[in-house]
Every structure is written in structure tokens, then in C-alpha cells.
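In case you want the letters, here they are:
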Amino acid sequence: MTGAVEAGVWGAVGGLALVIGAGIAWFVRVPAKGIASVMAFGAGVLISTLAFDLMEEAADTGGLLPAVAGFLTGAVVYVLASVFLARRGARHRKRSQDQQPSEDDQSGSGTAIALGALLDGVPESVVLGASLLGGGGVSSAVVAAVFISNLPEGLSSAAGMKNAGRSAGYVFGVWGTIAAVSAVAAAAGYVFLGGASPEMNAVITAVAAGAILTMVADTMIPEAFERAHVLTGLIATVGFVVAFAISRAGG
């Protein structure tokens, strides 16, 4: 299996978690506190992976300055894109209750929510593909982080879409498309970063990391805290430790 194809497969695996989460939300009535708890756990997993896999590797391979510059750039770009989409109805795209607008409430919000979900998923897939470049196979920590965090993302967002009156075709169309795009983004991350300099690899990895951390703080943690309240920090800490353990075991 070529590197690009393998990266695409792993990207699809990560994207599949979104579809599984959406399926659970559509067919099973999951308590809001349960969704919040899983979201908090996923947030902790992602934060750990950002700290001990993505940013550490970016700084080691490209230097501290490119890593920091890329990280801050990713955060700024994500915020600007998120603000643009929020004004069109995608502000609460990961919320599980009644925060998401219907198409009657705000025309075009369905498209904005779909684009927002895509914005959230692509950086994770890029770093998944990039993790293969070392020649030792895909990073188990990154795969675990993407899959574990995508499951509650798909679950929470799909629950909110259902409450807003979106159809099953829309919900599964959105997440199925994002799963496919995740595969393409992972393959592209492998292909385009394969010939890049260490500094450029560091910048791009850090850009993705900055976007992911901003997404966690902007969309996952608020949804988790709204229902789990004081337990949010504890559950996120457990997720952090689990991801850290996976990272150490894989290393």
C-alpha cells in the first residue's frame, strides 16, 4: 500500500467516527449529560495529542519559531473562518440541544453548518496523513485522538441537527461527505508534506494544531460544560491521561 493510500485509509477511519456518532444520535436518545461527558473526554484527548505529538514534533523538526508562528496562524485563520460561518448560522454547529437554527429560522444555515463541520475536521485529517511521513507507520496516538474526539463531535452535532428539524439525508450526507473529505485531506497531507522542508512541515503541522485547539475551546468545551458542569474538567483530564498513555505506549 502506498503512503498516500494508507494515509487516506486512516483519514477515512477517523472520519467514520463522525458517521458512527451521527448514527447513534439519530437512532438512540442519548442523555444530554452523556453527550457532554463524551465531548469533555474527547476534548482532553485532543489537547494531550496537540501537546505531546503535534507541537512537540513540530518544534523538534522545524524549530520553535516556525512551530509557534504556525500554531498562532492556525488559531487566527480558524477564528476568522468560524466568525464568518457563525454569522450565517453555524455558531452552534456542535451543540446537541436546540441551539442550532433551522432553515426556516435562518436561510442558508444548513450550508454554513456543513461548512463549519468541514472546517473542524480537515486539520485533524491533515496531521493524520503527515504522521506517516516518518516512515514508521501512522501515529497510534493521533489516530486514537481523531477517532475518540470525532465520535462525540458527530454525536452532539447530529443531535442538534435533528432537533433543528434537519432530515436524515442532510445529517448523514454531511457526515458521509466529511468522512470522504477526511480521507482526501489525509492523503493530501501525506503527499504535499512529503517533499516539504522540515521548517515547512513544522509550520503546517502547527497550523493544524492551532486550528484544532481553537476548535476545542470554541465548540467542544462549551458544549461539555453546559451539561457536565463541574465534572467537565475531571472528565477532560481523564481523556488527556488516556491519550498521553497511548502516546507513550506507541513511542
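Refer to the structure printed above.
Residues numbered from 1 in each chain as written. Predicted model: local features only at pLDDT ≥ 70, side-chain atom pairs only at ≥ 80, totals over all residues. Heavy atoms only, no water.

When you go through the protein chain residue by residue, the secondary structure sums to eight helices and zero strands. Along the chain direction, N to C, the helices and strands of the protein chain fall in the order α-α-α-α-α-α-α-α. For the protein chain, the exposed surface amounts to about 10,800 Å²; the carbon and sulfur share of it is 69%. (Helix = DSSP H or I, 4+ residues; strand = E, 2+ residues; numbered from the N terminus. Areas by Shrake-Rupley, 256 points an atom, 1.4 Å probe, with all protein chains shown as cover.)

This part covers unusual backbone geometry. Peptide bonds are mostly trans, and most non-glycine residues show a negative phi. The phi angle at His229 is positive, at roughly 55°, despite the residue not being glycine. By the secondary structure assignment, His229 is in the loop between α7 (198–228) and α8 (231–250). Since its relative accessible area comes to 43%, His229 is described here as partly exposed. (Buried < 20%, exposed > 50% of the residue type's maximum accessible area, 1.4 Å probe, protein only.)

With 31 residues, helix α2 (residues 32–62) ought to run about 45 Å at 1.5 Å a step, and its terminal C-alpha atoms sit 42 Å apart, in line with that. Backbone geometry just after α2 places Gly63 at a positive phi near 100°. (Expected span 1.5 Å × (residues − 1).)

Let's shift gears to the packing of aromatic side chains. What the rule picks out here adds up to four aromatic pairs. Ring centres of Trp26 and Phe172 lie 6.2 Å apart, and the angle between their planes is 70°; this geometry places the pair in the edge-to-face category. With a gap of 146 residues between them, Trp26 in helix α1 (residues 3–27) and Phe172 in helix α6 (residues 168–194) connect regions that are remote in the sequence. Trp26 gets classed as buried once you look at its relative accessible area, which sits at 19%. You can call Phe172 partly exposed: its relative accessible area is 25%. (Phe/Tyr/Trp six-rings, centres within 6.5 Å; stacked < 30°, edge-to-face > 60°.)

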